[in-house]
Amino acid sequence: MKQEYPSEPGEQKRERSTGRRLRGAVAHYLGRAIVSGEIAPGERLTGEVANAEALDVSRSAYREAIQVLAAKGLVESRTKAGTRVQPRSRWNLLDPDIVAWAFSGEPDPGFVRDLFELRAIVEPAAARLAAQRRDKDDIAALKAGLVGMRRHTLATEAGRDADRAFHDALITLSASIGAAVNWTTRFKLRTKALPRDPVPDHARVSDAIIAGDADAAEAAMRALVDLAFADTRAVLAEP
């Protein structure tokens, strides 16, 4: 009987890395198709064997990709019933991958509306809490974000990084909110500059938080999100 030897550590690492890349590529492909509406809610995905063959990946890589999508609320798998796309109400709309997939092409207007509705719920409440609990480090982070936005403008990557840092200073869901802020800002600026400067909107939020005025901070953040949504809708309405 032929003796089988274990793979070298480097070889095992390469296999794991390749598996992760395949899983990520399949999740990205299917995720984009679902979020864009190409695969509609309620639609049943082709069987595991057929899809794995069509995508030229192993069944295990395909299965792991489906598990990734299920964790994000995009699909649900049931024995015998197969895998179906979930309604948008079940999606984790603030998941960074879902937001990125939505804005990798032309985003669905309904998705954008739902995304801003979530931001309008989460961020004003976060601003209120920040005004009540801010410390010197929080204040320094807010001021640094404003300085960065003023210096670089949101038309640059550095300015958008500063914008994300500003929002991250307010909320513990930093990765989720940061993704939403980043992709909606990129989308608004994809063809032309904004008709107004959004930095004063951020400054009003910062001033209220630094002053410890919870009501004003909540109102200012709500106005900021509403104006950002109006800017995004204007871009969506362009021919």
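Structure: above.
Residues numbered from 1 in each chain as written. Predicted model: local features only at pLDDT ≥ 70, side-chain atom pairs only at ≥ 80, totals over all residues. Heavy atoms only, no water.

Caption draft 1: Seen up close, the side chain of Thr185. With respect to the helices and strands, Thr185 occurs in helix H8 (residues 174-188). Once residues within four sequence positions are removed from consideration, Thr185 is found in contact with Leu154, Arg160 and Asp163. (Helix = DSSP H or I, 4+ residues; strand = E, 2+ residues; numbered from the N terminus. Contact = heavy atoms within 4.5 Å.)

Caption draft 2: Structural view of the packing of aromatic side chains. One pass over the full model with this rule turns up 2 aromatic pairs. Ring geometry for Phe103 versus Phe187: centroids 5.5 Å apart, planes at 65°, classification edge-to-face. Here Phe103, found in the loop between helix H4 (96-102) and helix H5 (109-133), pairs with Phe187, found in helix H8; they are 84 residues apart in sequence, far enough to count as distant. Phe187 matches Phe103 in its accessibility class, with the two residues each being buried. With 5.0 Å between their ring centres and 25° between their planes, Phe116 and Phe229 make a pair best called stacked. Here Phe116 is found in helix H5, whereas its partner Phe229 is found in helix H10 (residues 214-236), with 113 residues between them in sequence. (Phe/Tyr/Trp six-rings, centres within 6.5 Å; stacked < 30°, edge-to-face > 60°. Buried < 20%, exposed > 50% of the residue type's maximum accessible area, 1.4 Å probe, protein only.)

Caption draft 3: Expanded view of the pattern of salt bridges. Scanning all chains against the criterion turns up 18 salt bridges. The salt bridge partner of Arg88 is Asp114, with a shortest N-O separation of 3.5 Å. With Arg88 in the loop between strand E2 (82-85) and H4 and Asp114 in helix H5, the pair connects residues that are 26 residues apart, well separated along the chain. Its relative accessible area of 25% is what places Arg88 among the partly exposed residues. The class of Asp114 is buried, set by a relative accessible area of 15%. For Glu157, the salt bridge identified is with Arg186, shortest N-O distance 2.6 Å. Pair noted here: Glu157 is in helix H7 (residues 157-168) and Arg186 is in helix H8, with a separation of 29 residues, a long-range link. We classify Glu157 as partly exposed; its relative accessible area is 35%. For Arg186, a relative accessible area of 31% gives the class partly exposed. If you follow the salt bridges from partner to partner, you end up with Arg88, Asp108, Arg113 and Asp114 in one network. (Salt bridge = Lys/Arg side-chain N within 4 Å of Asp/Glu carboxyl O.)

Caption draft 4: Up close: H10. Taking 1.5 Å of rise per residue, the 23 residues of H10 would be expected to cover 33 Å, and the 33 Å separating its terminal C-alpha atoms lies within 8% of that figure. Within H10, burial applies to Ala214, Ala217, Ala220, Met221, Leu224, Val225, Ala228, Phe229, Asp231, Thr232 and Val235. For H10, the N-terminal cap is Asp213; the gap from its side-chain oxygen to the backbone nitrogen of Asp215 is 3.4 Å. (Expected span 1.5 Å × (residues − 1). Polar contact = N/O pair within 3.5 Å; in protein donor to acceptor, adjacent residues only side chain to side chain.)

Caption draft 5: Region of interest: the nonpolar core. Residues Leu69, Leu74, Phe111 and Ile209 are the most contacted members of the largest nonpolar core, which totals 64 residues. The contacts of Phe111, once residues within four sequence positions are left out, are Val35, Arg88, Trp91, Leu93, Ile98, Val99, Ala102 and Phe103. (Core = buried A, V, L, I, M, F, W, Y, C linked by side-chain atoms within 4.5 Å.)

Caption draft 6: The arrangement of the packing of helix H9 (residues 199-211) against H10 in detail. The N-to-C vectors of H9 and H10 enclose an angle of 165°; their axes lie 8 Å apart at closest approach. With respect to H10, the axis of H9 lies roughly antiparallel. In the packing of H9 onto H10, the handedness of the crossing is left-handed. Between H9 and H10, the contacting residues are Asp201, His202, Arg204, Val205, Ala208 and Ile209 on the first element and Ala216, Ala217, Ala220, Met221, Leu224 and Leu227 on the second. A breakdown of the residues in the contact of H9 with H10 according to their chemical character gives 9 nonpolar, 1 polar and 2 charged. (Axes fitted to C-alpha atoms, helices over the stretch in contact; angles between N-to-C directions. Parallel < 35°, antiparallel > 145°, perpendicular 65-115°, else oblique. Left-handed = near helix turned anticlockwise from the far one by under 90°. Nonpolar A, V, L, I, M, F, W, Y, C, P; charged D, E, K, R; others polar.)

Caption draft 7: Broad picture of unusual backbone geometry. For Asp56, which is not glycine, the phi dihedral falls at a positive 60°. Along the chain, the position of Asp56 falls in the loop between helix H2 (48-54) and helix H3 (59-71). Accessibility expressed as a relative area gives 70% for Asp56, which makes it exposed. In this structure, Thr153 is a non-glycine residue whose phi angle is positive, near 70°.

Caption draft 8: Up close: the side chain of Asp163. Residue placement: Asp163 occurs in helix H7. Buried charge without a partner: Asp163 forms no salt bridge, and the closest opposite charge is Lys188, 6.6 Å away. Discounting chain neighbours no more than four positions away, the residues touching Asp163 are Met149, Leu154, Val181, Thr185 and His202. (Lys, Arg positive; Asp, Glu negative; His and termini not counted.)

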